[in-house]
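# Summary of structural features
Below are the chains, spelled out letter by letter.
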Amino acid sequence: ERERAADLERMLAEARASEQLMAAERERAVRLADQLEREAIERDLGRAAEVAAQVDQERALCAEEVARAAADCAAAQRDRDEMRERLDLLVDQFHEKTGQLSALSARLAELNTALADARLERDEVDAEALAQRCRAKALEADLARTRARLAD
């Protein structure tokens, strides 16, 4: 019984050490996930803001160009073909910028997926830590019963 009690005490110490390691690993994983999430969001938000500002500026320029093109067409029929080509170019540029925004949205979706994966990994570490705590509680109960039997 003493040997069993010593074994149980050793197993309990190992379980507690393992639980502490799992808690430290979970905390590290949480900090890393948070840091990666912040960095990715900051980086992508910065890029998205730059592209959005550029798109807004180019939209304003496009709107001005479209207004000028319409006025020029009304004022001079001979310039109509040239203005149509300029208008088409501006529309193409607008579509290109819209495509860039779509690509950024796709990247943000990828980052959200990576974040979800990191959170899932954190949850798995939490589950393992809980299992370790349960094993430690069972060992403590077993040790208490063994000590009680030794006391008898």
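In this report, we go over the structure that sits alongside the text. (Residues numbered from 1 in each chain as written. Predicted model: local features only at pLDDT ≥ 70, side-chain atom pairs only at ≥ 80, totals over all residues. Heavy atoms only, no water.)

A count of helices and strands for the chain gives two helices and zero strands. By the compact-globule yardstick of 15 Å for 152 residues, the chain is too spread out, its C-alpha radius of gyration being 33 Å. By principal-axis analysis of the C-alpha atoms, the chain measures approximately 110 × 15 × 15 Å. Counting the 152 residues in the chain, one finds 20% classified as buried. (Helix = DSSP H or I, 4+ residues; strand = E, 2+ residues; numbered from the N terminus. Rg over C-alpha atoms; globule rule 2.2 N^0.38 Å. Buried < 20%, exposed > 50% of the residue type's maximum accessible area, 1.4 Å probe, protein only.)

Turning to a negative patch on the surface, a few remarks are in order. A grouping of Asp72, Asp81, Glu82, Glu85, Asp88, Asp92 and Glu96 is seen on the molecular surface, where their side chains present a negatively charged patch. A total of six residues in the negative patch trace back to one element, the largest contributor, which is helix H2 (residues 80–151). Within the secondary structure, Glu82 sits in helix H2. (Patch = residues over 30% accessible without salt bridge, like charges linked within 9 Å, V, L, I, M, F, W, Y side chains within 5 Å. Areas by Shrake-Rupley, 256 points an atom, 1.4 Å probe, with all protein chains shown as cover. Salt bridge = Lys/Arg side-chain N within 4 Å of Asp/Glu carboxyl O. Lys, Arg positive; Asp, Glu negative; His and termini not counted. Charge placed at Lys NZ, Arg CZ, Asp CG, Glu CD.)

Right, let's talk about the side chain of Gln132 for a bit. Structurally, Gln132 can be placed in helix H2. For Gln132, a relative accessible area of 12% puts it in the buried group. Apart from the residues lying within four places of it in its own chain, the contact partners of Gln132 are Ala15, Ser18, Glu19 and Met22. (Contact = heavy atoms within 4.5 Å.)

Our next topic: the pattern of salt bridges. Side chains bearing opposite charge may pair, as long as their charged atoms lie close to each other. Taken as a whole, this structure holds 19 salt bridges when the rule is applied. Across the salt bridge formed by Arg119 and Glu37, the nearest N and O atoms sit 3.3 Å from each other. Highlighted residues: Arg119 in helix H2 and Glu37 in helix H1 (residues 2–75), separated in sequence by 82 residues. Assessed through its relative accessible area of 37%, Arg119 is described here as partly exposed. Overlapping salt bridges bring together Glu64, Glu65, Arg68 and Arg86 as one network.

A few words now on the environment of Glu128. You can see Glu128 is positioned in helix H2. What makes Glu128 partly exposed here is its relative accessible area of 34%. Sequence separation between Glu128 and Gln54 is 74 residues, and the spatial gap between their C-alpha atoms is 48 Å. In this structure, Glu128 is in contact with Met22 and Arg135, ignoring residues within four places of it in sequence.

A few words now on the nonpolar core. Core analysis: the largest hydrophobic core is formed by seven residues, namely Ala5, Leu8, Leu12, Ala15, Ala136, Leu139 and Leu143. In terms of residue count, H1 provides more of this core than any other element does, four residues in total. (Core = buried A, V, L, I, M, F, W, Y, C linked by side-chain atoms within 4.5 Å.)

Everything listed here is a matter of coordinates, which is why it stays silent on function.
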